[in-house]
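Structural overview
Listed here are the chains, written in short residue letters.
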Amino acid sequence: MLEITSDNKLKRLIVVGDRVLIRPKNPVDQTPTGLYLPPTVTEKEQVQSGYVIKVGPGYPIPTPTDDEPWKETEEKVKYMPLQAQEGDVAIYLQRNAIDVVFNNEKYVIVPQASILMLERIEDLFN
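Read on for an overview of the structure. Predicted model only: the values in this text are computed from it and were never measured. (Residues numbered from 1 in each chain as written. Predicted model: local features only at pLDDT ≥ 70, side-chain atom pairs only at ≥ 80, totals over all residues. Heavy atoms only, no water.)

**Some thoughts on a nonpolar patch on the surface**
- Taken together, the side chains of V47, L116 and M117 define a hydrophobic patch exposed on the protein surface, amounting to about 290 Å² of accessible area.
- Of note, M117 is situated in strand β8 (residues 115–119). (Patch = residues over 30% accessible without salt bridge, like charges linked within 9 Å, V, L, I, M, F, W, Y side chains within 5 Å. Areas by Shrake-Rupley, 256 points an atom, 1.4 Å probe, with all protein chains shown as cover. Salt bridge = Lys/Arg side-chain N within 4 Å of Asp/Glu carboxyl O. Helix = DSSP H or I, 4+ residues; strand = E, 2+ residues; numbered from the N terminus.)

Printed below as a string of structure tokens:
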């Protein structure tokens with residue numbers, strides 16, 4: 001799995017909102033009976049899986065309005081965090097994914113709502 005380190009360029013990427021950056025797993029290119037499938041077939045499957053590389057800040061939460069609207073207040077945006085975390089294995093819907101290539105590596109950006117299930121390995125970073 002590709003991790004974010006201080007010397008790689010993934011650190012420069014900022015994922016916004018409720019989006020998740022995923023590096024797809026290599027799809028199975030052979031059926032159980034031994035038939036080899038072309039890459040176009042395996043990429044068009046409805047459900048894919050991959051490693052969560054980066055996550056956005058989450059869903060923005062509106063700030064409550066004051067009873068004194070004339071007061072100048074510094075509005076800080078608060079976010080409800082996403083369930084996905086870096087290092088998770090995500091199973092997601094391909095139809096909502098946006099394919100991107102960064103440093104000759106293929107990634108997909110999917111909204112949190114397109115992720116069907118997460119597998120989290122607790123001891124991954126411990």
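**Describing unusual backbone geometry**
- Residue N103 is not a glycine yet carries a positive backbone phi of 55 degrees.
- In this fold, N103 is placed in the loop between β6 (98–102) and β7 (105–111).
- In this structure, N104 takes a positive phi of about 60 degrees despite not being glycine.

**Here's the deal with the nonpolar core**
- Within the largest apolar cluster, eleven residues are counted, these being V20, I22, V52, L82, A84, A90, Y92, A97, V108, V110 and I115.
- Taken together, the elements giving at least two residues each to this core come down to β1 (19–24), β5 (89–93) and β7.
- Contact partners of A90, with chain neighbours within four places excluded, come to I22, Q48, S49, G50, V52, I115, M117 and L118. (Core = buried A, V, L, I, M, F, W, Y, C linked by side-chain atoms within 4.5 Å. Buried < 20%, exposed > 50% of the residue type's maximum accessible area, 1.4 Å probe, protein only. Contact = heavy atoms within 4.5 Å.)

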